Amino acid sequence: MEDHEGSDSTALGILREKKDREEWETLFKALAKPIFQELEHSLNSIREQRMNEGPQSSSLLLKIVRGQTLPLQDLPQQGLINQPCMWQLEQKVTIQTLMHFLQLEGGEDTGSPYPILLELLSKLENIQHVQHLPDIFRLQNALIHFFQNSHKGEHYTVQQFLDQPELSEDQRLAFSRAIETIQKVWSNIKMNPSISGITVLPDLLPSDISTSTAILQLLPTQPSISRLVARFLIQLQNSCVDTAARVTKERQRSISAEEVKPSSVLTVTKSDLVTMALTNLQYEIDKDGTKMTYFDFQMLQRQVVHRFISGKPIIKAQTAPSIALNNMRTLQTTKTKVRDQLPQEMLSINQQKHIMEEARSVNALSKVLDTLKVAAEFLAMTGGDPECPLPEYIRHELRMDAGAKQLQDVPVVPNTRLKHILSLWKVLAARRSMLLVQMNQDPFCLMPKEFQEKLGKMEEKALSSALANTNLDLFLIELHEMITVALSIFQPQDELKFAFTFFLEDNQVPASSVCSLTDALDPDIPIKNILSVWRTAARTSQANVPAYSQKGPAQGSR
């Protein structure tokens, strides 16, 4: 070795070639190995000598720690605690052990061969809550409606909100799940803020969520816990779907929060993954006394994608329900102020009919309604020129180029003026509810129960016959406006025909139209049947109304 080190070509400082370095390492190992083997033998001999002759030679515990096998045949073998099985550690398959085995396969690196499994396992603590996103959206929309149409909402606690008699058991259960999910995910985010990738303000309240928490704290304002949790869960879903799409090359699709259903979101739990992993457990090998477990991660990843991720959409985070605290005012107040600021005119019968027949996308209608709401609130404060084209006002006065562009997706809207904004608003809202009914959704699910009593079969039949001679589009539009804007001023036992007449006259509907719209109503029908009356009219009209489609980009609704 000395001769070898003396050579200039192989000196340690100038070993530039790999083969030279490998040759040097081989020679060094050959020289050093006998030295260390002799050292190890000497140490073992000394240790054995100390165990047998030293002051601690009688300590059984030290002998066990140092690896000496002791004669324990004289120990008792009766009783549960003396059975060998009590002292065996059986390895169980958990999410943590799966992560460990995945990392042994190289799954922790950037170039992981199993990126989908890595994504799911590393974030499963929160991904398992994504399945409750529809409930959270439903709760957020309910809270927005509640605060826009109630003056007592600011003082309600979570428990008081859930105890409202207007809520059905199904709604109460869904809202409870949503609140529990928000509480759990918020707790996880607080413990590890870096996992969310979302900036969490240090003074964001409340620090904890309970039944005594003010329901105002769950309103999806910016910033708020409810909004932050919803966006975090959306981000988790989108990240998993995107990761899977890069592996499988599956074509992605996007939907708005309004279109999210239970079938749209990831539904995966710890037990699901563990069970699936066990079916892909290949074999165990005792190697040098070590038990090894192997998984077919490639097959497991394919099964995970097929069962949990394939077909799931990207959810557009910007469409999640939201509201600005300084805009929490009732629709009736906003519309009244707009009328005070500038004269309003009805859309023509033909324009209304065109919208009711040709507007076919809930997404497009929701986007335009959002834009109209913003425009109406500005007009309520500042007024404007009644003859100004609506798209021009939105583009130039409000600086909402995207909002102005969205108006092109709904018929008639691009040709309207500011004097038509309230008429346009109520027509689009009625058409949107019509489409939701066709999708088997209930646009009035949050209305008080006292107004949700159903008509009898004979009453429905009689009403459908009477409506045959009525302008159904106009009837649906005006009755929908009464339901969404002015229903709270009436009592359930009031006569619907009289109340509807009062509402139409108060909104300056021409007398001839008032008569034609109310003639179909039986004087004996009370207001408590108003929602059933509207649904009956919608079903009567439905055969002549084109069905829902998803044309146009998605956007959240008001």
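Refer to the structure presented above.
Residues numbered from 1 in each chain as written. Predicted model: local features only at pLDDT ≥ 70, side-chain atom pairs only at ≥ 80, totals over all residues. Heavy atoms only, no water.

Undergrad: Any chance you could explain the overall build of the chain here in plain terms?
TA: Helix and strand counts for the chain stand at 22 helices and four strands. Buried residues in the chain amount to 45% of all 558 residues. Carbon together with sulfur atoms contributes 51% to the accessible area of the chain, which is approximately 30,400 Å² in total. (Helix = DSSP H or I, 4+ residues; strand = E, 2+ residues; numbered from the N terminus. Buried < 20%, exposed > 50% of the residue type's maximum accessible area, 1.4 Å probe, protein only. Areas by Shrake-Rupley, 256 points an atom, 1.4 Å probe, with all protein chains shown as cover.)

Undergrad: Before we go on, may I ask you to explain a negative patch on the surface in this structure?
TA: Taken together, the side chains of Glu 459, Glu 495, Asp 522 and Asp 524 make up a negatively charged region of the molecular surface. Turning to its location among the elements, Asp 522 is positioned in the loop between α21 (511-518) and α22 (530-542). For Asp 522, a relative accessible area of 38% corresponds to the partly exposed category. (Patch = residues over 30% accessible without salt bridge, like charges linked within 9 Å, V, L, I, M, F, W, Y side chains within 5 Å. Salt bridge = Lys/Arg side-chain N within 4 Å of Asp/Glu carboxyl O. Lys, Arg positive; Asp, Glu negative; His and termini not counted. Charge placed at Lys NZ, Arg CZ, Asp CG, Glu CD.)

Undergrad: Sorry, what's going on with the environment of Gln 171 here?
TA: Inspection of the secondary structure assignment puts Gln 171 in helix α8 (residues 169-191). Accessibility expressed as a relative area gives 3% for Gln 171, which makes it buried. Considering only alpha carbons, one finds Gln 171 and Cys 445, 274 residues apart in sequence, at a separation of 8.7 Å. A distance of 2.9 Å separates a polar atom in the side chain of Gln 171 from the backbone nitrogen of Ser 168. (Polar contact = N/O pair within 3.5 Å; in protein donor to acceptor, adjacent residues only side chain to side chain.)

Undergrad: Quick question: what am I supposed to make of the packing of helix α19 (residues 472-486) against helix α20 (residues 496-506) here?
TA: Put simply, α19 and α20 touch, their axes get as near as 11 Å, and they point 90° apart. Our classification of the angle between α19 and α20 gives roughly perpendicular. Listed contacts from α20 to Phe 475, Glu 478, Leu 479, Glu 481, Met 482 and Ala 486 of α19 are Leu 496, Ala 499, Phe 500, Phe 503 and Leu 504. Taken together, the residues that form the contact of α19 with α20 break down as nine nonpolar, no polar and two charged. (Axes fitted to C-alpha atoms, helices over the stretch in contact; angles between N-to-C directions. Parallel < 35°, antiparallel > 145°, perpendicular 65-115°, else oblique. Contact = heavy atoms within 4.5 Å. Nonpolar A, V, L, I, M, F, W, Y, C, P; charged D, E, K, R; others polar.)

Undergrad: Hey, could you run me through helix α13 (residues 349-358) in this one?
TA: Along α13, the residues classified as buried are Gln 352, Ile 355 and Met 356. Projected onto a plane normal to the axis of α13, the buried residues spread over an arc of 95° and lie on a single side. Here the buried face of α13 lies against α17 (421-438) and α19. (Arc of directions from axis to C-beta.)

Undergrad: Could you clarify how one ought to interpret the side chain of Gln 164 in this entry?
TA: Mapped onto the secondary structure, Gln 164 falls in the loop between α7 (158-162) and α8. Reaching out from Gln 164, the side chain makes a polar contact with the backbone oxygen of Phe 161 at a distance of 3.0 Å. Dropping the residues within four chain positions of it, Gln 164 is found in contact with Phe 146, Tyr 156 and Arg 172.

Undergrad: So what exactly am I meant to see when it comes to helix α11 (residues 297-309) here?
TA: At 3.6 residues per turn, the α-helix brings residues three or four places apart onto the same side. Of the positions making up α11, those classed as buried are Phe 297, Leu 300, Gln 301, Val 304, Val 305, Phe 308 and Ile 309. Seen along its axis, α11 keeps its buried residues to an arc of 135°; they face one direction. Residues of α11 that are exposed and point over 90 degrees away from its buried face: His 306 and Arg 307. A positive backbone phi angle near 85° is found at Gly 311, which sits one or two residues after α11.

Undergrad: Help me understand the nonpolar core, please; the structure alone is not making it clear to me.
TA: One recurring pattern in soluble globular proteins is that nonpolar side chains are buried together. Counting residues in hydrophobic clusters, the biggest one holds 77 residues, and the most contacted among them are Leu 428 and Ile 530. Examining the composition of this core, we find that twelve residues originate from one element, α17, more than from any other. Sequence-distant contacts of Ile 530, that is, excluding residues within four places in its chain, are made with Phe 451, Leu 479, Met 482, Ile 483, Leu 487 and Leu 496. Counting 71 residues, the second largest nonpolar core, distinct from the first, contains Leu 102, Val 130, Phe 175 and Ile 255. (Core = buried A, V, L, I, M, F, W, Y, C linked by side-chain atoms within 4.5 Å.)

Undergrad: What is the right way to look at the environment of Pro 389 in this model?
TA: Among the structural elements, Pro 389 can be located in the loop between α14 (362-382) and α15 (390-397). Using a relative accessible area of 28% as the deciding quantity, one classes Pro 389 as partly exposed. For the pair Pro 389 and Thr 416, spaced 27 residues apart in the sequence, the C-alpha separation amounts to 6.0 Å. Those residues within four positions of Pro 389 in sequence are excluded, and the remaining contacts are Thr 416 and Arg 417.

Function cannot be read off these values alone, since they describe shape.
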